[in-house]
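The residues making up each chain are set out below.
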Amino acid sequence: MNAPSRRQLLIGGVLAGSAGLMVNAGKVVSASPAAHPGNTNPDSAAPDGGGGGGGVHHGGGASGATFRAGQQVNHTANGFHPTAMLRDFDYGTTSELPDGRTLREWEIFAADEEIEVAPGVYFPAWTFNSRIPGPALRCSEGDRLRVRFVNGSAHPHTMHFHGIHPAEMDGIPGVGRSIIEPGESFTYEFDATPFGLHLYHCHVSPLAEHIARGMYGTFIVDPAQGRPAADEMVMVMHGYNTTFDGQGNQLYAVNGIPFHYMHEPVQVKRGELVRIYLVNVLEYDPINSFHVHGNFFDYYPTGTRLESSEFTDTIIQAQGQRGICELRFPYPGKYMFHAHKTEFADLGWMGFFEVTE
């Protein structure tokens, strides 16, 4: 029997079944909700129109997509919260080198984690620091970076950083230290250049699976002169192929959990500069996109130039592309943002900004 398509997963009751669900590698099987105390409503993962009726519809009905009855995942059990992750920048531990430069050091570990990606739906993830996405590492142009990677997973992994560095620090099989096996560790060391918005991810084959399982994070190098003060946040666009068939995704998200910012809108102030570090690591789909309602933003591709390339309300990114979006909201209220590939929005990649005085 063929695995269910992403639409069938929602329409056919895989998310809407009468029992909680656990997703295992290669298949979806039932699991008792009692085994997972955070799942208070076995039917809660089904989309709901928000206006009653109780029917199961792809996209959630006329009132917009969300999970049935507004249910949410157990963030405490997951060990991370997408609202906190928005503005969670990890600057590492700093010290001064003999030449006066800053040395930044991090310890990053790989771990296998079961993550509740929708109410009652559990995904066997491979993670950096037990979260999806991994921590947002941040530094300044010219810093010396030292990243100790500890592989606590049952699978071989690496850390590959986008940027400019020696070949032996590239984190790919067959070059330098090569693959880091379970129980092993390695320290990547290089200078932070160029300034801009980058990412890191595992680079072990099958590469698609390692990325689709959750092994990615944001890597920000600030320009030496800095950027204007702003309310800064990271948004990493990605998805979950819960059937493990490599044929697209059944759920789409920003910062780990589908629909999260529908339940908890992103809080911003009217007139304040908002800077979004937008990264696309979506696997199994060729492109992703970001669209904001009721506003336009300046866009800086890869963040490697200080002049914007366009003023728009929608941007398209392929996997690995990223860019900085800067905008101010002139009016208070709630403004939706989502993928303008509407299927992705219906399956989790949507949320709200809530603008207050």
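The rules behind the values
Residues numbered from 1 in each chain as written. Predicted model: local features only at pLDDT ≥ 70, side-chain atom pairs only at ≥ 80, totals over all residues. Heavy atoms only, no water. Pairing = 2+ DSSP bridges. Helix = DSSP H or I, 4+ residues; strand = E, 2+ residues; numbered from the N terminus. Axes fitted to C-alpha atoms, helices over the stretch in contact; angles between N-to-C directions. Phe/Tyr/Trp six-rings, centres within 6.5 Å; stacked < 30°, edge-to-face > 60°. Buried < 20%, exposed > 50% of the residue type's maximum accessible area, 1.4 Å probe, protein only. Core = buried A, V, L, I, M, F, W, Y, C linked by side-chain atoms within 4.5 Å. Contact = heavy atoms within 4.5 Å.

So, on to the sheet that holds strand β13 (residues 231-240). With respect to topology, six strands assemble into an open sheet ordered β14-β13-β16-β21-β18-β19, the strand pairing being mixed. Of all the strands in the sheet, just β14 (251-254) and β19 (310-312) have a single pairing partner and so form its edges. Averaged over all pairs of adjacent strands, the angle between their axes in this sheet comes to 25°, without regard to strand direction. Strand direction decides the pairing type here: β13 and β14, joined by four bridges, are antiparallel. Following the sheet pairing, histidine 238 is matched in β14 by alanine 253.

With that out of the way, let us pick up the packing of aromatic side chains. All chains considered together, the criterion is met by 22 aromatic pairs. Between the aromatic rings of phenylalanine 89 and tyrosine 277, the centroid separation amounts to 6.2 Å while the plane-to-plane angle is 80°, which identifies the pairing as edge-to-face. Highlighted residues: phenylalanine 89 in strand β3 (residues 89-90) and tyrosine 277 in strand β16 (residues 274-280), separated in sequence by 188 residues. Among the residues examined, tyrosine 277 registers a relative accessible area of 1% and is labelled buried. Judged by centre distance (6.0 Å) and plane angle (65°), the rings of phenylalanine 128 and phenylalanine 149 are edge-to-face. In this pair, phenylalanine 128 sits in strand β6 (residues 121-128) while phenylalanine 149 sits in strand β8 (residues 144-151), placing the two residues 21 residues apart along the sequence.

In terms of backbone geometry, most residues other than glycine have negative phi values and most peptide bonds are trans. The linkage connecting threonine 193 with the following residue, proline 194, adopts the cis geometry, with an omega of -5°. By secondary structure assignment, the location of proline 194 is in the loop between β10 (185-191) and β11 (196-201). Note the cis peptide between serine 205 and proline 206, where omega equals -5°. In this structure, proline 206 sits in the loop between β11 and α4 (207-212). The backbone phi angle of serine 178 is positive, close to 65°, even though this residue is not glycine. Even without glycine at this site, threonine 302 takes up a positive phi of about 60°. The residue threonine 302 is located in the loop between β18 (297-301) and β19 in this model. Taking relative accessible area as the criterion, threonine 302 reaches 24% and is therefore assigned partly exposed.

Further remarks concern the nonpolar core. One finds Val117, Val234, Tyr240 and Tyr277 to be the most contacted residues of the largest nonpolar core, which totals 35 residues. Counting only elements with at least two residues in this core, the list comes to β5 (102-118), β6, β11, β12 (216-222), β13, β14, β16 and β23 (350-356). Those residues within four positions of valine 234 in sequence are excluded, and the remaining contacts are Leu86, Phe89, Ala136, Thr218, Ile220, Asn255 and Tyr277. One finds Met233, Val266, Val268 and Leu278 within the second-largest nonpolar core, a separate group that totals 29 residues.

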